[in-house]
Every structure is written in structure tokens, then in C-alpha cells.
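Fold and contact review
One letter stands for each residue in the lines below.
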Amino acid sequence: MLEQNYNSSMLKEGSLTDKVILITGGGTGLGKAMGKYFSELGAKLIIASRKLDVLQKTAEEISAATKNEVFPAACDVSDYKQVEELLKASMERFGKIDVLVNNAAGNFISPTERLSNKAFDIIINIVLKGTYNCILAFGKHWIKNKQKATVLNIVTTYAWTGSAFVVPSAAAKAGVLAITRSLAVEWAKYGIRFNTIAPGLFPTKGAWERLLPGDLQNKFNLKRKVPLQRVGEHQELANLAAYLVSDFSSFINGEVVTIDGGEWLNGAGQFNILQAVPQEQWDKIEKIVRSVKGS
Ligand code: HXC
Ligand code: NAP
């Protein structure tokens, strides 16, 4: 069998040349991986989050590798005023923004009854409010200036299944998915399209240390939840994101693309549990089933 390479880039060189792409939470984790690949494909980048030192380091690293411009901009997306400032600074730097990637997030595991209302708010404010703050500020700008644009939101598969122990995040991501589908229709007339990616398990420091702290990582072998028996590689997600923000996907609008190796469906299908039955037992089982007569 051919060795599979999940780490090669997919799109042809220059696929994102002339595009200006803003990624919230672009200094770390999946935001950084997407940014690096967009920059490799020729895009000019704005990466925004709260920690300017982290952003600066990432910006230097990416632009040194790709020779393309990366603008690090401090912004707390939960504060609308800061988002308006981000828009202004980005316009001053590049004169346009073609793509907004709403990737910033906050999350931690906790039994819901242990949460204060402030703990609930903090997650909703980053994920849901942060996303609609950016969409509203940038959307108003695009519509006023008659500029076509693309928005890519990052959710997760529990946006539609829900999940115990991450209730604020699940509620926020469900809201982001609803915004994606709603505005995909409402703002299509302005040439603004909306899509979302729902990643499964992609190891990052930010997510892993908050969602699988201490020895939980060893206790639960998460790969076993995934039919493909592995976690995702960052480049796989970057490849999908690059396609969805590129002109190659111009007719895709309002879509949620799941990239999780089949994980959420594995939890959903009623008889998926039968995967545990060894192949050699199926002859016996078939005989029993065939022998059943009548009701
Ligand atoms: C209960 C907690 C808590 C915890 C914080 N709080 N951590 N409550 N259990 N583990 C409460 C605090 O007590 C406080 O409420 C309130 O939350 C705000 O906490 P602060 O520490 O003041 O907030 P802040 O410093 O802004 O931190 C925000 C954060 C932090 C979200 C808590 O973790 C953060 O900045 N995260 C950003 C990066 C991140 O989370 N990345 C992971 C994304 S992963 P009180 O009432 O006590 O004052 C992801 C993956 C999805 O989304 C799917 C994976 C498969
Ligand atoms: P991460 O590295 O922790 O990324 C989260 C980013 O959000 C950080 O760069 C953080 O930067 C930024 N951020 C947090 N609060 C902010 C705020 N108020 N304003 C601006 N930026 C803020 O985690 P990740 O795993 O790469 O997650 C990236 C995205 O993928 C998230 O949307 C997450 O829900 C989604 N996702 C991840 C996985 C996974 O397996 N990793 C699975 C499903 C979905 P600052 O601290 O500098 O602000």
C-alpha cells in the first residue's frame, strides 16, 4: 500500500496571491497552521488576538519562511470597539480585506453546575460574540464599499450534537453555525459567502491542555473514538481551509465541512458498537439471525 502523506500542500503555488486574509487567533495552534499555509500560497496576512508578543513571534516566523507580509494586531474580539480598531488598522496597512477567518476561541472542561455565570459569559463572549463582532464590523464595511468577501468560521462537531462538560462552548459554536447558515443566504446578494469547518481531534497546546489536562490524555485514548484511528494533521486542516477561502470554492456557500476521521458519526450510529464484533463471529451470528422465523 502507498504511504499516505497528510502533510503535503494541496493547492497550486500562488493560489491565494493578492488576497488579504485576517485570521483571529492566528498566533497559535490551528490559526497559525492555516496562516502559514495561506502565506505560502501568496496571501497577505493579518493575525489578531490578545497577546501581541505571541502574534509578533508568529508573524516573524511565517514571513521569514514565505517572504510575504504578516501583520500582527492586538485585538480582543469580544470587544466591538477593538474589532473596529482592527478593521481600521488592517485597512490602513493593506487597503482591503478579502477574507475573514473566525478562529479565535476559549474553552475548558467543567461540570456545568460548577460554572459561575462569569465563566459561562467568558466563553460565549470569545466564541459567539467575538465571531459576530468581527462579522458585523467587517460585513458593514464590505457592504458599504461594495467589496466581495469570504468568511470562514471554525466550529466543532458538537455544534450540532452538543457535548457534556463543554456546555458554554457547545452553545457558542451552535450559534456560530447558525450565523454561518443564515448569512450565507442573507448576504449572498452582496457577494459575501460564508462557510464553516468543523474539526475533530487536532492536537494543539491551547485545546489539549484545557480539554485533556493532567493524565486525562493517557486515561482516554481519543484515537479509539475515530474510525480512522488517528488524529488530524494541521496541514490537512490548512488544505481544506485554503480551498474554502480560495476562488476555487466560489460556489460553496453556507456549508459546514467536517474533518474528523468519522468521529462524530461513530458516536451517533446506533449499531456502530458492532465494530467490536470479531470477523470470525459473523458466520455464527448470521446463522442465528437467519434462523429467526415469524414475529
Ligand atoms: C471553572 C473556570 C475555569 C475552569 C476559568 N474559569 N477557568 N471555571 N473551571 N477550569 C472561570 C473563572 O473562575 C472566572 O469566573 C471566569 O471563568 C473567567 O476566568 P478568567 O481566568 O478571568 O478568564 P480569562 O483569563 O479571560 O481566560 C479565558 C479562558 C482561557 C477561556 C478561561 O482559558 C483562555 O484565554 N483561553 C483561550 C484559548 C483556548 O481556550 N483555547 C482552546 C480552544 S479549544 P469567576 O466567576 O470565578 O470570576 C476548542 C476546541 C473545541 O475550542 C473542540 C475540541 C475537540
Ligand atoms: P488555540 O491555539 O488555543 O487557539 C485559540 C486562539 O484564540 C488563541 O490564539 C488565542 O490567542 C485566541 N483568543 C482567545 N480569546 C481571544 C479573544 N478574546 N480575542 C482574540 N483572540 C482570542 O486552540 P486551537 O486548538 O488552535 O483552536 C483553534 C480553533 O479550532 C478554535 O475555534 C477551536 O474551537 C477550534 N477547534 C479546535 C479543535 C482541536 O482539536 N484543536 C477541535 C475543534 C475545533 P490569545 O490568547 O492571544 O488571545
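Everything in this summary refers to the structure shown in the same document.

Reading the values: rules and limits
- Residues numbered from 1 in each chain as written.
- Chains lettered and ligands numbered in written order.
- Predicted model: local features only at pLDDT ≥ 70, side-chain atom pairs only at ≥ 80, totals over all residues.
- Heavy atoms only, no water.
- Near = heavy atom within 4 Å.
- Polar contact = N/O pair within 3.5 Å; in protein donor to acceptor, adjacent residues only side chain to side chain.
- Nonpolar A, V, L, I, M, F, W, Y, C, P; charged D, E, K, R; others polar.
- Disulfide = S-S within 2.5 Å.
- Buried < 20%, exposed > 50% of the residue type's maximum accessible area, 1.4 Å probe, protein only.
- Salt bridge = Lys/Arg side-chain N within 4 Å of Asp/Glu carboxyl O.
- Helix = DSSP H or I, 4+ residues; strand = E, 2+ residues; numbered from the N terminus.

The next subject is the site of ligand 2. Neighbouring residues of ligand 2: 26 residues in total, closest Thr-28, Ser-49, Arg-50, Asn-103 and Thr-204. One of the side-chain nitrogen or oxygen atoms of Arg-50 is found 2.7 Å away from an oxygen atom of ligand 2. Interatomic distance of 2.8 Å between a side-chain N/O atom of Asp-76 and a nitrogen atom of ligand 2. Within the shell around ligand 2, the residues separate by chemical class into 13 nonpolar, 9 polar and 4 charged.

This paragraph deals with the state of the cysteines. A full pass over the atoms with the stated rule returns 0 disulfides. Left unpaired, Cys-75 is separated from the closest cysteine sulfur, that of Cys-134, by 6.1 Å. Overall, Cys-75 belongs to the buried group, its relative accessible area being 2%. With a relative accessible area of 0%, Cys-134 lands in the buried category.

Once that is clear, we can look at the pattern of salt bridges. What the rule picks out here adds up to 10 salt bridges. Lys-32 serves as the salt-bridge partner of Glu-61, at 3.2 Å between the closest nitrogen and oxygen. Taken together, the positions of Glu-61 in helix H2 (residues 52-66) and Lys-32 in helix H1 (residues 29-40) put the pair 29 residues apart, joining distant regions of the chain. Classification of Glu-61 as partly exposed rests on a relative accessible area of 39%. We note a salt bridge from Lys-96 to Asp-98, for which the minimum N-O separation is 3.0 Å. Its relative accessible area of 27% is what places Lys-96 among the partly exposed residues. Here Asp-98 falls in the buried class, since its relative accessible area comes to 12%.

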